[in-house]
Amino acid sequence: MTAPAPATAAAARTRRVRRARPSDIDHMVASVAVTVLSAVTAISMCRVFADWQFLDTLLVMVIGVHAASIVLRIARVPGWLAMPIVLLVLFELLALLFYRDTLTALFPTGETFQLMRVDLRLVWSQFPTAVAPVPSEGSFLLAAALGLGLVSMLGDAFAFRAYGRAEAVVPGGVLFIFTAALGTDRLRVGVAAAWFASALVVVAVLRALHGGGSESWLGRRRRAVGAALPATAMCAMVAALGAALIGPLLPGAGAEPLLETRQTQSDVTEVLSPLVDIRSRLVNRKNTEMFTVSSAAGRYWRSTGLTVFDGTTWKLPERSLDDADGTLNEPGPDAQIVQQQIIISRLGGELVPAAFTPVEVAQNDLLWLPETDTILLDDGDKLTEGQVFNVTSDVTVPSPDLLRSTSATGISADFTALPSGVPDEAIQLAQQITAGQPTDYDKALALQNFFRSEFEYSLEVQRGHSDDAISAFLRVRIGYCEQFAGTFAVMARAVGLPARVAVGFTQGELRPDGRYHVLGKHAHAWPEVFFAGVGWVLFEPTPGRGAPGSEGVTGAAAAQDSTPGEPGDGEGNVPGPSTTAPRVTPTTERDPLGQPTPTGTTVPPVVAASSGGGGGGPAGWIFLAILAVGAWAVAMPWIVRRITRTGTTPTEQVINAWHGTVGALQLAGASPQGGATPVEYATQVESELAVDHRSMLELARFVTRAIYSPAGVGEPAALRAAVLRTHLDQTARELMPWYRRAWSRLDPRLVRQRLVGDRSRRPVRSSAAQRS
């Protein structure tokens, strides 16, 4: 047996190398696997968000970033250029998903990036004290989308540009571990099993992809990924089932962690840090009983008043404390006195709740902060379960006529002071709302009614009352009491009204034992405005809330969270029937939220709400659809070319070049007549289309020789036929109608027709040529 000629051996080696290279289908399978891993990482964030509303936004981000990466790889864009382009796509998606009302012709503007910076600063400032679950919209969702977009970009780069295997799962693994450490136990086992199974599939598929082909058990060479997929799927299934079924049964699986990474609340007491953990109490401890009150009338039980705003938070002033002995406040001549007995259940900290305004307290060893009307325990003591306090309060509420007859003056300028950096939009909006109001009371009422009519109440928003939080709150117009009270106070000060933020609880549930049972869900914050000769007056800007006894001043009927408690809530508290006063239906004019508007009160101007905010939204999905169509238009012709056999011998290559040219010319409008020879068709095309006749005739002669000559054609003829075919194909594309040219990029049948023609019309080689 003779050795092959050098040229033949080289050609054989070339064929072996080409065969060993992974196919395009292998690349697509690997790309899908990496995308699925990113999607599972997005799903794993259910442990840090309060509900599933986050998922649409994060999946749009994952699919969009991976689609852009795939398109750029198919287009053979080098990595140094592809990475910045993917980053641009990432930020474009963020702009569409969160700030689409700031875009100009779908492009981000300076306002877009300014709002993005504000939201990211807000996350950065609140992250150290945030406790999962956090709201599934707003700034935290923006941060999650940004992080997941970067993870998707890096995972794709490690997998297909750095040719990594396990390295490709590292970015997603970091984010997964981060959310597992800080999140709740929601779907802990299922999410972990799904993520590790997906990661195992990615590593196995990439190892097979970058490791070349493999032999099947029958000896036939298979695609690299195809050979690995069955075993990989089996291993992933076993790993997932093992994690889900065996993991929870292992010794110590339910034990306390060696290192506690989550912020938690005490199981014994609930510490009240003003405004800081209101949302945590409302969400996580909503059915936990804080304290009970025996009182002739239900009121807001006020713990403290926050008078200092530093641009980041409302807080207590630094003042010396007095002993709470004797009279705390002098009651008025027509005072309405209420005696209260407060018994502590789970409320912690050092602040004693009571109806406003406290006049006298029976216990010794208590402290008093007059500037904020706050009663505190002495010497750093903390509230304990069963502790009893007897407080006398003057709950007199001034009439609207009295408030209109006085002004918001006669108090220190500290109560109208604002730090630099307060958002201009807050100041301008406050001036716009109060413009034309005749009295300070009407100004405060206009601000209150603006919030009650133009905003929505929801706990599924980010907490905070800093400058950045105020900007975000005014933009999305959704929040809970913390934002309503803090923003009202800032805007009131912006128009010269002395204001502070009160923190405490709504009245609670009056049960058959005659006591008001105050639960975590009754935690509340509200603003107070000072009037000369009257004192501090409560206002209620939070929709769905109303202070009992203050209906005449606020125009809002008494209302609070009256959702039924959950029996067996883990705290031993089974809430009884609520006797909260139902909302009345007044005969006065009503605002859009159903709250009564007092007669003679000017309704504040309606200010258009921003359409921004989290969520995928139509614009996000439209952008994703456009991106998908673009990716298909780029990737599909490339894939069809790779999987379409165009011939291995010069003769087959010439025949395919001819039929591909005929297919392209058919799309341009020159269909061949039945039985026409290649030369006759070339003459027909000359008469029907503005095509280079010499090139067409030369290609027709090449294919005639390839079909009928026993010797076929050589390599030079095949190379020349390829050049002619490219030239004629470009001419045919220019002659096509625009819609057919566009469709020929999307329909794989038309792409194949331009490559190898219509196989139903293809003639076979002559029998003499085949026998030779």
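Residues numbered from 1 in each chain as written. Predicted model: local features only at pLDDT ≥ 70, side-chain atom pairs only at ≥ 80, totals over all residues. Heavy atoms only, no water.

Some words on a nonpolar patch on the surface
The condition that has to hold: Patch definition: residues with relative accessible area over 30% and no salt bridge; like charges joined within 9 Å; nonpolar side chains (Val, Leu, Ile, Met, Phe, Trp, Tyr) joined within 5 Å. For the area figures, the Shrake-Rupley method with a 1.4 Å probe applies, and any residue is considered shielded solely by the protein chains shown. Put simply, a salt bridge is a Lys or Arg side-chain nitrogen that is within 4 Å of an Asp or Glu carboxyl oxygen. Secondary structure elements are taken from DSSP: a helix is a run of H or I of four residues or more, a strand is a run of E of two residues or more, and numbering for both begins at the N terminus. When accessible area is computed with a 1.4 Å probe and restricted to protein chains, residues below 20% of their type maximum are described as buried, those above 50% as exposed, and intermediate ones as partly exposed.
A contiguous nonpolar patch, built from Ile43, Trp52 and Leu187 and spanning about 260 Å² of accessible area, is present on the exposed surface. Looking at the element boundaries, Trp52 is found in the loop between helix 2 (24-43) and helix 3 (54-74). Its relative accessible area of 36% is what places Trp52 among the partly exposed residues.

A word on the packing of helix 2 against helix 3
Heads up, the condition is: Axes, fitted as lines to C-alpha atoms, cover a helix only where it is in contact. Angles between the N-to-C directions of the axes lie from 0 to 180 degrees. Oblique is the label for every angle not falling under 35 degrees (roughly parallel), over 145 degrees (roughly antiparallel), or within 65 to 115 degrees (roughly perpendicular). In a left-handed crossing the near helix is turned counterclockwise from the far helix by less than a right angle, and in a right-handed crossing that turn is clockwise. Residue contacts are defined here by distance: any two heavy atoms, one from each residue, within 4.5 Å place the two residues in contact. Amino acid classes used here: Ala, Val, Leu, Ile, Met, Phe, Trp, Tyr, Cys and Pro are nonpolar; Asp, Glu, Lys and Arg are charged; the rest, including Gly, are polar.
Contact geometry for helix 2 and helix 3: axes closest at 9 Å, N-to-C directions at 160°. Looking at the two axes, helix 2 sits roughly antiparallel to helix 3. For the pair helix 2 and helix 3, the sense of crossing is right-handed. Each of Ser31, Val34, Thr35, Ser38, Ala39, Ala42 and Ile43 in helix 2 lies in contact with helix 3, whose residues at this interface are Phe54, Leu55, Leu58, Leu59, Val62, His66, Ile70 and Arg73. A breakdown of the residues in the contact of helix 2 with helix 3 according to their chemical character gives ten nonpolar, four polar and one charged.

Concerning helix 19 (residues 678-688)
For clarity, the threshold we go by: This arc is taken over the directions from the axis of the helix to the C-beta atoms.
The complete set of buried residues in helix 19 reads Pro678, Tyr681, Ala682, Gln684 and Val685. Projected down its long axis, helix 19 shows its buried positions confined to an angular sector of 160°, all on one face. Buried residues in helix 19 make contact with helix 18 (650-668) and helix 20 (693-708).

Details of unusual backbone geometry
Glycine aside, residues mostly have negative phi, and peptide bonds are mostly found in the trans state. Cis geometry is adopted by the peptide bond preceding Thr357, which originates at Phe356 and carries an omega value of 10°. For Arg477, which is not glycine, the phi torsion reads 60° and is therefore positive. The residue Arg477 is located in the loop between helix 14 (467-476) and strand 16 (478-479) in this model. Looking at Arg477, the relative accessible area reads 6%, which means it is buried.

Concerning the environment of Met491
For Met491, the location among the structural elements is in helix 15 (residues 481-494). A relative accessible area of 0% means that Met491 is categorised as buried. In this structure the C-alpha to C-alpha distance between Met491 and Val422, which are 69 residues apart in sequence, comes to 9.5 Å. Setting aside its immediate chain neighbours within four residues, Met491 contacts Ala426, Leu429, Ala430, Ile433, Leu447, Phe451 and Leu474.

A few points about the environment of Gly183
Residue placement: Gly183 occurs in the loop between helix 7 (170-182) and helix 8 (188-211). Owing to a relative accessible area of 0%, Gly183 belongs among the buried residues under this scheme. Each C-alpha atom, one on Gly183 and one on Arg47, is 4.7 Å from the other, the two residues being 136 residues apart in sequence.

Re the confidence of the model for the chain
Heads up, the rule is: Per-residue confidence from the predictor is reported as pLDDT, a score between 0 and 100.
For the chain, per-residue confidence averages 76 on the pLDDT scale, and residues scoring 70 or more make up 74% of the total. In this model, residues 1-20 is a region of pLDDT below 50 whose contacts with residues beyond four sequence positions or in other chains number five contacts.

Quick look at the pairing of strand 17 (residues 499-505)
Taken residue by residue, a regular strand's side chains alternate between the two faces of the sheet. This is how it is decided: Think of it this way: DSSP has to see at least two bridges between two strands before they count as a pair.
For strand 17, a buried count of seven out of seven residues is recorded, marking the element as mostly surrounded by other parts of the structure. Along strand 17, one buried face is formed by Ala499, Val501, Val503 and Phe505 and the opposite face, lined by Arg500, Ala502 and Gly504, is buried too. Looking at chain direction, strand 4 (residues 301-306) and strand 17 are connected through five bridges and run antiparallel. Paired with Arg302 across the strands is Gly504, a residue of strand 17. Pairing geometry for strand 17 and strand 20 (residues 523-531), over seven bridges, is antiparallel. Looking across to strand 20, one finds that Phe505 is bridged to Ala523.

Re the sheet that holds strand 14 (residues 388-394)
The strand order 11-14-8-3-19-18 describes an open sheet built from six strands, whose pairing is antiparallel. In this open sheet, the two strands that pair with only one neighbour each are strand 11 (358-361) and strand 18 (509-510). The sheet contact formed by strand 3 (residues 289-295) and strand 8 (residues 337-344) spans five bridges and is antiparallel. Bridging across to strand 8, Val293 finds its partner in Ile342.

Thoughts on the sheet that holds strand 4
Strand order in the open sheet made by the five strands is 10-4-17-20-21, with antiparallel pairing throughout. The two strands at the open ends of the sheet, each matched to only one other strand, are strand 10 (354-355) and strand 21 (535-538). Contacting strand 17 and strand 20, helix 15 runs over the sheet at an angle of about 15° to strand 20.

Focus: the packing of aromatic side chains
For the record, the criterion: Here a Phe, Tyr or Trp ring, Trp counted by its six-membered ring, pairs with any other such ring whose centre lies within 6.5 Å, and the pair is stacked when the planes are under 30 degrees apart, edge-to-face when over 60, and tilted otherwise. We count a charge as sitting over a ring when the NZ of a lysine or the CZ of an arginine lies within 6 Å of the ring centre and within 35 degrees of the ring normal.
Considering all chains together, one arrives at 24 aromatic pairs under this definition. An aromatic cluster is built from Phe450, Phe451, Phe455, Phe473 and Phe484, whose rings are joined through pairwise contacts. Positioned above the aromatic ring of Phe160 is the side chain of Arg73, whose terminal nitrogen or guanidinium carbon lies 3.9 Å from the ring centre. The side chain of Arg545 reaches across the aromatic face of Tyr457, ending 4.5 Å from its centre.

Section: the pattern of salt bridges
Using the criterion set out here, one finds nine salt bridges in the structure. Asp373 is paired through a salt bridge with Arg500; the nearest N and O atoms lie 3.0 Å apart. Of this pair, Asp373 sits in the loop between strand 12 (366-369) and strand 13 (374-377) while Arg500 sits in strand 17; the two residues are 127 residues apart in sequence, bridging distant segments of the chain. Taken as a pair, Asp373 and Arg500 share a single burial class, namely buried. The partner of Glu528 in a salt bridge is Arg500, with the nearest N and O atoms 2.7 Å apart. Here the residue Glu528 occupies a position in strand 20, and Arg500 occupies one in strand 17, the gap between them amounting to 28 residues. Using a relative accessible area of 2% as the deciding quantity, one classes Glu528 as buried. Bridged by salt links that share partners, the residues Arg302, Asp373, Arg500 and Glu528 form one connected network.

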